[in-house]
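# Descriptive analysis of the structure
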Amino acid sequence: MDVIGAGLEAILQPRSIAIIGASQDPTKIGGRPVELLRRFGFPGAIYPVNPRAAEVQGLRAYPSITDLPEAPDLAIIAVAAEAAPDALEACAAKGVKGAVIFSSGFAELGEAGEALQARLRATARRTGLRVLGPNCLGAVSIAERSIATFSIVLEGSLPPAGPIGIASQSGNLGSYTALLARERDIGISRFLTTGNECDVDIADAIAWLARDDATKVILCVLETCRDAPRLVAALEEARQAEKPVIVLKIGASEAGQAAAASHTGALAGSDAVFDAVFRRAGAVRVYSVEQMLDLGHAASVLGARLPRGRRTMLLTASGGFGVLLADAASAAGLSLPMPSEATQKRILAAVPYASPRNPVDATAQMSSRPEILEAILAAILEDDNCDALLLLLSSSLYLPRLRGVYMPTLRAVREKHPEKVVMLAVHGPADAVQELTAMGFAVVDGVGPSAQALAGLCALAAARDLPPPPPALPPAPPLDRAMIASEAGAKSVLAAAGVPVLAERVVGSAAEAASAATAMGFPVVLKIVSPDLPHKTEVGGVVLDLRDAASVAEAHDAMLARVRAKAPAARIAGVLVSPMVSGGIEMIIGTKRDPIFGPVVLVGLGGIFAEVMQDVAVRPAPVDEAEAMAMLRSLKAFPVLDGARGRPKADLDAAARAIAALSRFAAQHAADVAEIDINPLLLRPEGQGAVALDALIVPASERPA
């Protein structure tokens, strides 16, 4: 069985390294690793391989890998793409355990390059040699001084050793992340870039770092996912190991949405699916390298000490800054509760003319004497409504007098309240920031960035309580395509799966329509039944609110005439007679088979909420009723469902049951169903259930053999 991340110690913790294509010139790709390994003091053996040189950069060189006195743990391959497959084969024959291939000119260049890359992949699979790349910037382990890269990040110095591991599909973005970390004095454990991923992929990197004792927080730069089950499993392993994963997902593409056949297909875009996968796995998504480092560093400093919730107290010495901070905190999704009456009295006792509400404006007096600041901080931190404190110091620490107040006071507060989460927004000297970090404070430069980082810490805390991903469901027998080609057939199979539908009937004449309507009770709706007309209203194929038999019969014939005139080639299978219901809230629920992650389920309110406001919730299928309920509660329009402004509260339990049932159906029919659209699902008042008023099942273009 494939163990994700197995064997990467040869790449990240090698005892000896060979460089195939080693160059005398330290500025060339083949010369950089030799120079860096020597400069930074790699303690193991370094073997330059160059058939045209007896010595490379002061080290004995060897004509080929086969001539080495031992099989090195790691081989760096820096030769032309055409020569790389043979070099890798020679490494495997020698007994090398890991290889990093810098060379470009593979799958990124088309068919010929893909053929070369396939040879690399075949060698790795056949021999078990782990291969990083090709077309990558390699890997670095700071504490071990193991350097298998030509990145300019190491031009000046190594980043400090520390608890943050960086795994990136993009070489330059990963390299830039490491560069910024060094500039901020943020410690790194490992840095690796996966490039074209002929063997080692981003899931391998995450899983290995999740097991690495030196790594406490994982930063991941993700362009795409080549193997969804492996990525999901690696993220879950990191969560179980309590190693936060912070993901910078780039390429928020909407490709493929234009071709979607249903509302669901258009709304559940690829980027929304990545969001859903990260959310379920407990990984926190960020949108810039700087944001990733802010949150990653804060998480590494705080460790297990994360906020209990999003209730945040804000403290400033300025009313204007307080408003700015409150705006940023609210935008980041933090909750700003009012301090208790007792807390407000304690604040006013320290500074009588303070504003003791949230944000707390303690005026410049809070920095006049340490005892005043300590009294205010203690009052806020001891408030039961405070999950975290965000303290804005701005540039105060550049002034020796203010630094003399803040630093000893914060040290005393940390000693008295070691379990409390305090985020400091500081634009200050590097040595002061280092000192505060050493005390155990999360320090971020900037009002907006500090609020975002604190919100990210709250998300990481919530991830600890996530349930494990649901088990896979066994596939169901393929559906009868003729059966699901119409709304009536689609509703029939969905009803069998547990989705609530109305008692309806397909008829073949006006007389049958009138008889069916009389039997089920007025008013009724008529809809055309045709496998060629998924959007019935566009051809006049829906008639509402028919209140007697004569009206039904007349509407039946008139509708058929309209449809035949507007869509003469459409096959007509009859007319669906359905009770007309009202008195609820219209929702959209549906599923889509994502090309990477498989079936996903979507929910949103009808009307403008889903399609115009893009207020939808997406999760990988299947979901249980608890997760379906969480999807409903995540909607911006949830108050509409929850009885806002005197409206009847909707039957949320019924909606959750319908969403869960639909998601199970989609998961079991992943092979033959591309999309399902229930639009609308009428959600009735609490206790009265829900019902699917329209349904569309879009089959996969090809059923597997």
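The coordinates are above.
If you're wondering where the values come from, they're calculated on a predicted model, not measured in any experiment. (Residues numbered from 1 in each chain as written. Predicted model: local features only at pLDDT ≥ 70, side-chain atom pairs only at ≥ 80, totals over all residues. Heavy atoms only, no water.)

## Some details on a negative patch on the surface
- On the surface, Asp624, Glu625, Asp653 and Glu686 cluster together into a patch of negative charge.
- With respect to the secondary-structure elements, Asp653 resides in helix α24 (residues 652-668). (Patch = residues over 30% accessible without salt bridge, like charges linked within 9 Å, V, L, I, M, F, W, Y side chains within 5 Å. Areas by Shrake-Rupley, 256 points an atom, 1.4 Å probe, with all protein chains shown as cover. Salt bridge = Lys/Arg side-chain N within 4 Å of Asp/Glu carboxyl O. Lys, Arg positive; Asp, Glu negative; His and termini not counted. Charge placed at Lys NZ, Arg CZ, Asp CG, Glu CD. Helix = DSSP H or I, 4+ residues; strand = E, 2+ residues; numbered from the N terminus.)

## A closer look at the environment of Glu55
- One can find Glu55 in strand β3 (residues 55-56).
- You can call Glu55 partly exposed: its relative accessible area is 46%.
- Each C-alpha atom, one on Glu55 and one on Ile678, is 71 Å from the other, the two residues being 623 residues apart in sequence.
- Apart from residues lying up to four places away in sequence, Glu55 is in contact with Gln24 and Ala61. (Buried < 20%, exposed > 50% of the residue type's maximum accessible area, 1.4 Å probe, protein only. Contact = heavy atoms within 4.5 Å.)

## Points about the packing of aromatic side chains
- As enumerated under the stated definition, the model contains four aromatic pairs in all.
- An angle of 75° between the planes, with centres 5.9 Å apart, marks the rings of Tyr47 and Tyr62 as edge-to-face. Taken together, the residues span a long stretch of sequence, with Tyr47 in strand β2 (residues 45-49) and Tyr62 in the loop between β4 (59-60) and β5 (74-77) at a distance of 15 residues.
- We classify Tyr47 as buried; its relative accessible area is 10%.
- The exposure class assigned to Tyr62 is buried, which follows from its relative accessible area of 8%.
- When the centroid spacing of 6.0 Å and the interplanar angle of 45° are considered together, the rings of Phe274 and Phe278 count as tilted. Of this pair, Phe274 and Phe278 both sit in helix α9 (residues 270-281), separated by four residues, roughly a single helical turn. (Phe/Tyr/Trp six-rings, centres within 6.5 Å; stacked < 30°, edge-to-face > 60°.)

## Describing unusual backbone geometry
- Residue Pro622 is reached from Ala621 by a cis peptide bond, and omega for that bond is 5°.
- Of note, Pro622 is situated in the loop between β26 (616-620) and α22 (625-634).
- The backbone of Gln57 sits at a positive phi, close to 50°, despite the residue not being glycine.
- Tracing the backbone through its elements, the reader meets Gln57 in the loop between β3 and β4.
- Positive phi outside glycine occurs at Asp545, with the angle close to 55°.
- You can call Asp545 partly exposed: its relative accessible area is 34%.

## Describing the side chain of Asn358
- Mapped onto the elements of the fold, Asn358 is located in the loop between α12 (341-350) and β16 (360-361).
- What makes Asn358 buried here is its relative accessible area of 12%.
- Polar contacts involving the side chain of Asn358 include one to the main-chain carbonyl oxygen of Thr312, which spans 2.9 Å.
- Polar side-chain contacts of Asn358 include one of 2.9 Å to the backbone nitrogen of Leu314.
- Aside from chain neighbours lying at most four places away, what touches Asn358 is Thr312, Met313, Leu314, Leu336, Pro337, Met338 and Pro339. (Polar contact = N/O pair within 3.5 Å; in protein donor to acceptor, adjacent residues only side chain to side chain.)

## Quick notes on the nonpolar core
- Within the largest apolar cluster, 111 residues are counted, with the highest numbers of intra-cluster contacts made by Leu192, Ile206, Met423 and Leu457.
- Residue contributions to this core peak at nine residues, all from helix α16 (residues 447-463).
- Excluding its chain neighbours within four sequence positions, the residues that come into contact with Leu192 are Leu8, Leu12, Leu132, Gly138, Ala139, Ile166, Ala167, Ser168, Ala205 and Leu209. (Core = buried A, V, L, I, M, F, W, Y, C linked by side-chain atoms within 4.5 Å.)

## Description of helix α15 (residues 430-439)
- Every buried residue belonging to α15 is among Ala432, Leu436, Thr437 and Met439, and all of these are buried. For α15, the buried positions fall inside an angular range of 155° around the axis, keeping them on one side. More than 90 degrees from the buried face of α15, the exposed residues found are Ala430 and Ala438.
- On its buried side, α15 packs onto α10 (289-302), α14 (400-416), β18 (422-426) and β19 (442-444).
- The first or second residue beyond α15 is Gly440, which carries a positive phi of 105°. (Arc of directions from axis to C-beta.)

## Details of the pattern of salt bridges
- Taken as a whole and assessed by the stated rule, the structure comprises 40 salt bridges.
- Measuring nitrogen to oxygen at the nearest pair gives 2.3 Å for the salt bridge that ties Arg230 to Asp2. Highlighted residues: Arg230 in helix α7 (residues 228-240) and Asp2 in the segment before α1 (9-12), separated in sequence by 228 residues.
- A relative accessible area of 13% places Arg230 in the buried class.
- For the salt bridge of Asp204 with Arg230, the shortest nitrogen-to-oxygen distance reads 2.7 Å. Pair noted here: Asp204 is in helix α6 (residues 202-211) and Arg230 is in helix α7, with a separation of 26 residues, a long-range link.

## Observations regarding the packing of α6 against α7
- Where α6 contacts α7, the axes come no closer than 8 Å and their chain directions differ by 15°. Judged on the interaxial angle alone, α7 and α6 are roughly parallel. For α6 against α7, the interelement crossing comes out left-handed. Contacts between α6 and α7 pair Ile202, Ala203, Asp204, Ile206, Ala207, Ala210 and Arg211 from the former with Arg230, Leu231, Ala234, Leu235, Glu237 and Ala238 from the latter.
- Classifying every residue of the contact of α6 with α7 gives nine nonpolar, no polar and four charged. (Axes fitted to C-alpha atoms, helices over the stretch in contact; angles between N-to-C directions. Parallel < 35°, antiparallel > 145°, perpendicular 65-115°, else oblique. Left-handed = near helix turned anticlockwise from the far one by under 90°. Nonpolar A, V, L, I, M, F, W, Y, C, P; charged D, E, K, R; others polar.)

## Thoughts on the packing of α12 against helix α13 (residues 370-381)
- Between α12 and α13, the least distance of the axes is 9 Å, while the angle of their chain directions is 175°. Comparing the axis directions of α12 and α13 gives the class roughly antiparallel. Where α12 abuts α13, its residues Thr343, Arg346, Ile347 and Ala350 lie against Ile372, Ala375, Ile376, Ala378, Ala379 and Ile380.
- Here the residues of the contact of α12 with α13 sort into eight nonpolar, one polar and one charged.

## Things to note about the sheet that holds β18
- Read across the sheet, five strands follow the order β16-β15-β17-β18-β19 without closing on themselves; strand pairing throughout is parallel. Pairing within the sheet leaves two strands with one partner each, and these edge strands are β16 and β19.
- As paired strands, strand β15 (residues 312-316) and β16 are joined by two bridges and run parallel to one another. Considered in β16, the bridge of Leu315 is made with Val360.
- Against the sheet, helix α11 (residues 319-331) contacts β15, β16 and β17 (388-394), and its axis sits at roughly 155° relative to β15. (Pairing = 2+ DSSP bridges.)

## Side note on the sheet that holds β2
- Spatially, five strands are ordered β2-β1-β5-β6-β7 in an open sheet, and the strand pairing comes out parallel. Lying at the two open borders of the sheet, with one neighbouring strand each, are β2 and β7 (130-132). Strand-to-strand twist of the sheet, defined as the mean angle between neighbouring strand axes without regard to direction, takes the value 20°.
- In terms of strand pairing, strand β1 (residues 16-20) meets β5 through four bridges, oriented parallel.

## A short note on the environment of Ala317
- Topologically, Ala317 is positioned in the loop between β15 and α11.
- Overall, Ala317 belongs to the partly exposed group, its relative accessible area being 32%.
- Sequence separation of Ala317 and Met366 is 49 residues, and the distance between their C-alpha atoms is 6.8 Å.
- Setting aside residues no more than four positions away along its own chain, Ala317 makes contact with Asp361, Thr363, Ala364 and Met366.

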